Amino acid sequence: MREMILNSFFVGFNKGDTATLRSSPSYFGKILPYDENLRYEPVKIKGEWLKIRDENGLVGWMRWCNSKGEVLINYEIFGLGC
């Protein structure tokens, strides 16, 4: 699953989820603004956290799975267009 997430074109949260975008891979990281209209590219996985970069260059971390291994994010495997 990790490879699939890292090879995805875009990742994001479902609207209404309690997940947040943070400045570090921890619940103690500063909460960063999350715009559901932007595209977020996966960069790196560290445990249950996924480092992402938005289309404006902002880098942050989102929790991508829980302790049971259940995926908490949306991901797009195929890019849009040709």
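Reference entry: report on the structure contained in this document.

Cut-offs and rules
- Residues numbered from 1 in each chain as written.
- Predicted model: local features only at pLDDT ≥ 70, side-chain atom pairs only at ≥ 80, totals over all residues.
- Heavy atoms only, no water.
- Helix = DSSP H or I, 4+ residues; strand = E, 2+ residues; numbered from the N terminus.
- Buried < 20%, exposed > 50% of the residue type's maximum accessible area, 1.4 Å probe, protein only.
- Lys, Arg positive; Asp, Glu negative; His and termini not counted.
- Salt bridge = Lys/Arg side-chain N within 4 Å of Asp/Glu carboxyl O.
- Contact = heavy atoms within 4.5 Å.
- Phe/Tyr/Trp six-rings, centres within 6.5 Å; stacked < 30°, edge-to-face > 60°.
- Lys NZ or Arg CZ within 6 Å of the ring centre and 35° of its normal.

1. Considerations on the side chain of Arg-22
Here Arg-22 lies in strand S2 (residues 21–22). Glu-48 provides the closest opposite charge to the buried, salt-bridge-free Arg-22, at an N-O distance of 11 Å. Every residue in contact with Arg-22, bar those within four places of it in the chain, is listed here: Tyr-27, Gly-29, Lys-30, Ile-31, Leu-32, Trp-49, Gly-60 and Trp-61.

2. A closer look at the packing of aromatic side chains
Tallied over the full model, the rule gives 2 aromatic pairs. Centroid distance Tyr-27 to Trp-49: 5.4 Å. Interplanar angle 75°. Geometry classified as edge-to-face. Residue Tyr-27 is found in the loop between S2 and strand S3 (31–32), and its partner Trp-49 is found in strand S5 (residues 49–54); the two are separated by 22 residues along the sequence. With a centroid separation of 5.0 Å and an interplanar angle of 20°, the aromatic rings of Tyr-34 and Tyr-40 are classed as stacked. Residue classification places Tyr-40 among the buried residues on the basis of a relative accessible area of 1%. The ring of Phe-10 carries the charged tip of Arg-39 above its face, separated from the ring centre by 4.6 Å.

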